[in-house]
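Inside the fold
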Amino acid sequence: MASEDVKLIGAVMSPFVMRPRVSLNLKGVEYEFLEETFGSKSELLLKSNPVYKKIPVLIHSGKPICESLIIVQYIDETWSGHSILPSDAYDRAIARFWAHYIDDKWFPALGGIARAQTEEAKNEAIEQVFTGLKLLEEAFEKCSGGKPFFGGETIGYVDIALGCYLGWLRATEKLIGITFLDETKTPLLCHWAEKFSSHEAVASVMPETDKLVEFAKMIQAKFKAPANK
Amino acid sequence: MAREKGVVLLDFWVSPFGQRVRIALAEKGVDYEYKEQDLFNKSEHLLKSNPVYKKIPVLLHDGKPICESLIIVQYIDEVWSDKAPLLPDEPLARANARFWADFIDKKVYECGTRLWKLKGEEQEAAKKEFVEIFKLLQGELGDRKFFGGETFGFLDLALVPFVAWFYAYETFAKFSMDEECPKIVAWAKRCMERESVSKTLSDPNKVYEFVLFLKEKFGVEY
């Protein structure tokens, strides 16, 4: 079978980039990974994503697709094999809803911890992360129906949406000394996190927690430097 | 508890997000019950149907809630697939439609709100940004009849409800969409020729009055 022209512009540390990588792995699609250097943007990236100038960008036969979850849906619709979105329309709406919530509310709360200027703001962000995890634990129970993943027997859309943040969740736990994925609070998510991380489509593209911690410290040092605002 | 059969929409009259859903339902010819919500005194029904965000629109199909306007529209498109397809068939075109609809969601309403909330330099900055947003959208439209090409579709529906807000934005921030983005204004007129759109969009004067009301209640989220 002729290999398709599939390229992915991204970076190993990015949770957003990890999403299409897991999706392509699940579909067994080979692709060329074009890694961006942190701190600069390639001509190809600027040309392929003129609106946001951000990674990931999937380039399929020369045509760019942007925004990680839109890329995931594109991958699901283009290549057969493993189904990422559920087959039932209502289940699809629920999956899209939780993926939206995760990006719209939950991950910004996690990011808010590092960005917090005051102790109060930091604690509020931490609280929001915990509240979100409780909601997601309930969502997992409903969506999984007793099976290992949000998608049921196999990795699905919400698994990818949330699972790709696990590296950064663990890194944040190390940086601030708080356990977010707590067996006593969210046992289902704890179990799911292990299953997701060790899955063959995921393990090779999940960044190491320690490397993320180093990376985070490096960025924090850069921003704290008394240079421009 | 027995689930209520049929289609129910929890909505707020002037919401552009709710209007996306109403246009989709009209395009598909779906019968539904419209339930106007008081956003300053939210009903149990709304809070129970959308516990995460507590926002409208919420579509209930045989009692099962679906939230987030673009997710609802995709649901409607997939369930009532026999007529008026909203999203294109082809994966690349679908990705493109979703990309621009997401762009609209990220940018238009928030920037528009700054147009009437702020004054002076901040308002000028918001105005510049607003025009840039629509110039980008105008570029995407090109010389086509609709964003969907020859046929009205997902992206047209995602954007068109905001057209009813142009008069309010123009009046408060002192500019003209017709001057800045004439192709968008022309596109809007073509959309208004469709009954699903003309019967759904709010009267721009009523939107203006509503924004005046919000200005008095500045800072109250709805």
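The name given to chain B in an unreviewed UniProt entry is Glutathione transferase protein, with the source organism recorded as Dioscorea alata.

If you check an unreviewed UniProt entry, chain A appears there as Glutathione transferase protein from Dioscorea alata.

**Focus: the pattern of salt bridges**
Scanning all chains against the criterion turns up 27 salt bridges over all chains. B:Asp102 serves as the salt-bridge partner of B:Lys106, at 2.5 Å between the closest nitrogen and oxygen. Here the residue B:Lys106 and the residue B:Asp102 both occupy positions in helix α4 (residues 91–117), the gap between them amounting to four residues, near one helical turn. Assessed through its relative accessible area of 40%, B:Lys106 is described here as partly exposed. By relative accessible area, B:Asp102 is classed as partly exposed at 22%. Shared partners join several salt bridges into a network, and the residues in it are A:Asp5, A:Lys7 and A:Glu32.

**What to know about the sheet that holds strand β4 (residues 63–66) of chain A**
Residue and element names in this part refer to chain A. Read across the sheet, four strands follow the order β2-β1-β3-β4 without closing on themselves; strand pairing throughout is mixed. Looking along the sheet, the strands with just one partner apiece sit at the ends: β2 (32–35) and β4. On average, each strand axis in the sheet is inclined to that of its neighbour by 25°, with strand direction left out of account. The pairing of strand β1 (residues 6–10) with β2 spans four bridges and is parallel. Each bridged residue has a counterpart across the sheet, and for Gly10 the counterpart in β2 is Glu35. Against the sheet, helix α1 (residues 15–27) makes contact with β1, β2 and β3 (57–60), and its axis sits at roughly 155° relative to β1, the strand it touches most.

Cut-offs applied
Residues numbered from 1 in each chain as written. Chains lettered and ligands numbered in written order. Predicted model: local features only at pLDDT ≥ 70, side-chain atom pairs only at ≥ 80, totals over all residues. Heavy atoms only, no water. Salt bridge = Lys/Arg side-chain N within 4 Å of Asp/Glu carboxyl O. Helix = DSSP H or I, 4+ residues; strand = E, 2+ residues; numbered from the N terminus. Buried < 20%, exposed > 50% of the residue type's maximum accessible area, 1.4 Å probe, protein only. Pairing = 2+ DSSP bridges. Axes fitted to C-alpha atoms, helices over the stretch in contact; angles between N-to-C directions. Contact = heavy atoms within 4.5 Å.

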